[in-house]
Amino acid sequence: MTVTTKSSSDWYRALANNRIGGPLSQQLGLPRPAELRRYRPGQPLTDGPALVGNAGTGSLADHVLSLPGVEQVSDATDRLGALVLDATGLGTLEELSVARDFLSSGLRRLGPSARVLVLANPPDQADGVTAAAARQALDGLVRSLAKELRDGATANLVYVAPDAAPADTDSTVLFLLSARSAYVDGQVVRVGPSVGTAGSAGVAGTAGAAGVTGSPHTGRVVVVTGAARGIGAAIAEVFARDGAIVVCLDVPAQGDALAATSNRIGGLALQLDITAPDAPARLLEYLAGRHGGVDVVVHNAGITRDKLLVNMDAERWDSVLAVNLRAQLDLNAALLEPSSPLRSGGRLVSVSSTSGIAGNRGQTNYAASKAGIIGMVRALAPVAAGQGVTVNAVAPGFIETEMTAAMPFGTREAGRRINSLHQGGLPVDVAETIAWLAEPGSGGVTGQVVRVCGQSMVGA
Ligand SMILES: NC(=O)c1ccc[n+]([C@@H]2O[C@H](COP(=O)([O-])OP(=O)(O)OC[C@H]3O[C@@H](n4cnc5c(N)ncnc54)[C@H](O)[C@@H]3O)[C@@H](O)[C@H]2O)c1
């Protein structure tokens, strides 16, 4: 199963990386958008060994070094694929200085698309004000560092709850170190104790996509809404690559494109309008009858009907809210009923948007629906946890799709450049992030909104 990682027609990136345009853009002080390293089966976890260090009293560093694919640097001159700081247990400004020292000592050795990863405990679970301040300080440090890195390198922070088992962090650490997280930059992810038994899958459940062994979604039943094209088709491809039985769902009007996607990935096509009053009942009946259950539901289907609020009619408002939010609320409610075919260890993942975080002119309906998704995810996570189910969202920024290709030149260029990686993301970047959240080993990640935006300044 080949997953599309083809770069877009980003004329500026091509120019800034050729023999003539490269020096010119450097002279003019313009950014050089790097060719990002993306996941290919069999590739090493990182492009070069990792330097792993400590600042604090925690002991996660040894655990990280034991993960498959994490290779400790042995030569002081080797170019680094990753710089990992275990700052768990950090609670003083002196330890914060140790963190700075470690990170800055490794920065000059980072290779292209290298990863900087900081692990710490959450500020809101600190003993005392100083410890809370020192842990929160890491947030500012990492987000700023992400803006300073070059050549496709990224920096992210993981707040690990003190009661999480080391294995609960595995899927997240491996994802953020790997090429799968190419467009996830400057983010803060929280990991707690796994909500379900599936969390004990740990490394075994995650290593496949990291290019080590196995396939994390083997045999799992995954539904992707809006799978006929764009981001939805990429999500279906990634889950199929990782071993899932993928049910590709879209409206009947997209029947041909839907069939093309499902045939390409060896999945199943289901024509259904998610806004139909009987859609949840029909989908659940299909899943129970045909597959005996479901493990992952990805709410990707979405529409836009842009207009300034002053000109926004009820039809535009209602249709966007119906597809983007109401259908998800109704389907999730049905999926969490006791009679539901959703299995324990289930994963619900929604596609929100940075517009739902920052707002966007002309998109009051769309942004309201995408912000509503964030509210839904946060409220539903504690409820679903009792059933061993996680609920998360991704918030894509500028992603190269047919939709963004149709934007006016100026708007498109601005969208591409106002992020730390100076380029748009690809549908596969959103898909890889969703696949990580849906892994059996990601039971400790719930109620979160992870931006896939290259650290876009929009809503930052
Ligand atoms: N492209 C971006 O830059 C971007 C950025 C942020 C968020 N998103 C979100 O990502 C998701 C996918 O976006 P895309 O760019 O691939 O869009 P797209 O328009 O290419 O694909 C959306 C799919 O959803 C399907 N769909 C719409 N209404 C449906 C319904 N009632 N029932 C079933 N299927 C339905 C469509 O037929 C289509 O195949 C959307 O939720 C979108 O809001 C996209």
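Structure's up top.
Here's a quick rundown of the structure. Residue indices begin from 1 for each chain and proceed along its sequence in written order. Only residues with pLDDT of 70 or above have their local features reported here, since the model is predicted, and side-chain atom pairs are shown and tallied only from 80 upward, although totals for entire chains, interfaces and linings are computed over all residues. The side-chain figures draw on all heavy atoms in the structure; neither hydrogens nor water molecules are used.

Further remarks concern the sheet that holds strand β12 (residues 449-452). In this analysis, strands are considered paired if DSSP registers two or more bridges between them. Comment: elements are numbered from the N terminus, with helices defined as DSSP H or I runs of at least four residues and strands as E runs of at least two. Taking strand neighbours across the sheet as the criterion, the seven strands line up as β8-β7-β6-β9-β10-β11-β12 in an open arrangement whose pairing is parallel. For this open sheet the edge positions go to β8 (268-271) and β12, each flanked by a neighbour on one side alone. Each neighbouring strand pair of the sheet contributes to a mean axis angle of 20°, computed without reference to strand direction. Two strands pair when backbone bridges link them, and strand β6 (residues 221-225) and strand β7 (residues 245-250) are joined in this way by five bridges, in the parallel orientation. Opposite V222, over in β7, you have V246 as the bridge partner. Contacts between residues were defined by any pair of non-hydrogen atoms, one from each residue, lying within 4.5 Å. Note on geometry: axes are lines fitted to C-alpha atoms, helical ones only across the stretch in contact, with angles between N-to-C directions running from 0 to 180 degrees. On top of the sheet, helix α10 (residues 314-335) reaches β9 (294-299) and β10 (342-351); it is set at about 170° to β9, its chief contact.

Here the second largest pocket is characterised by a volume of approximately 450 Å³. Elements that contribute at least two residues to the lining of the second largest pocket include exactly α5 (129-148), β5 (188-191), α12 (364-385) and β12. With four residues, α5 is the single largest residue contributor to the lining of the second largest pocket. Following the grouping adopted for this structure description, the nonpolar residues are Ala, Val, Leu, Ile, Met, Phe, Trp, Tyr, Cys and Pro, the charged ones are Asp, Glu, Lys and Arg, and the polar ones are all others, Gly among them. A class-by-class count of the residues in the lining of the second largest pocket yields seven nonpolar, eight polar and six charged. Whether a set of points on the 1 Å grid over the protein atoms alone is a cavity depends on a 1.4 Å probe fitting there but being unable to get out, while an open set qualifies as a pocket with protein on both sides within 12 Å along at least five of seven lines; lining residues are those with an atom within 4 Å of a point. Grid points are joined across faces, edges and corners, and a volume is the space filled by probe spheres set on the points.

On to the sheet that holds strand β1 (residues 50-54). Taken in spatial order, the five strands line up as β1-β2-β3-β4-β5 in an open sheet, and their pairing is parallel. Two strands in the sheet have a free side with no partner beyond their single neighbour: β1 and β5. For this sheet, the mean inter-axis angle between neighbouring strands, taken without regard to orientation, is 20°. Where strand β4 (residues 154-160) and β5 come together, four bridges link them in parallel fashion. By the bridge assignment, V160 is partnered in β5 with V191. Contacts between helix α4 (residues 93-107) and the sheet are confined to β1, β2 (80-87) and β3 (110-120), with β2 contributing the most and set at about 175° to the helix.

All right, on to α12 then. Given a rise of 1.5 Å per residue, 22 residues ought to cover 32 Å, and the 32 Å separating the end C-alpha atoms of α12 matches this to within 8%. At A379, α12 is deflected by roughly 30°, the largest bend along its length, and proline P382 occurs up to four residues later in sequence. A helix's residues, less one, multiplied by 1.5 Å, set its expected span. A residue's bend is given by the angle between axes fitted to the 7 residues ending at it and the 7 residues starting at it.

A word on the side chain of N121. By the element assignment, N121 lies in the loop between β3 and α5. Overall, N121 belongs to the buried group, its relative accessible area being 10%. Polar contact criterion, stated in full: a pair of N or O atoms within 3.5 Å, where within protein one must be able to donate a hydrogen and the other to accept it, and residues adjacent in sequence count only if both atoms are side-chain atoms. A distance of 2.7 Å separates a polar atom in the side chain of N121 from the backbone nitrogen of G89. Among the polar contacts made by the side chain of N121, one reaches the main-chain carbonyl oxygen of V160 at a distance of 2.9 Å. Setting aside its immediate chain neighbours within four residues, N121 contacts A87, T88, G89, R135, Y159, V160 and P162. For every residue, the accessible area (1.4 Å probe, protein chains only) is compared with the maximum for its type, and the residue is labelled buried under 20%, exposed over 50%, or partly exposed between those bounds.

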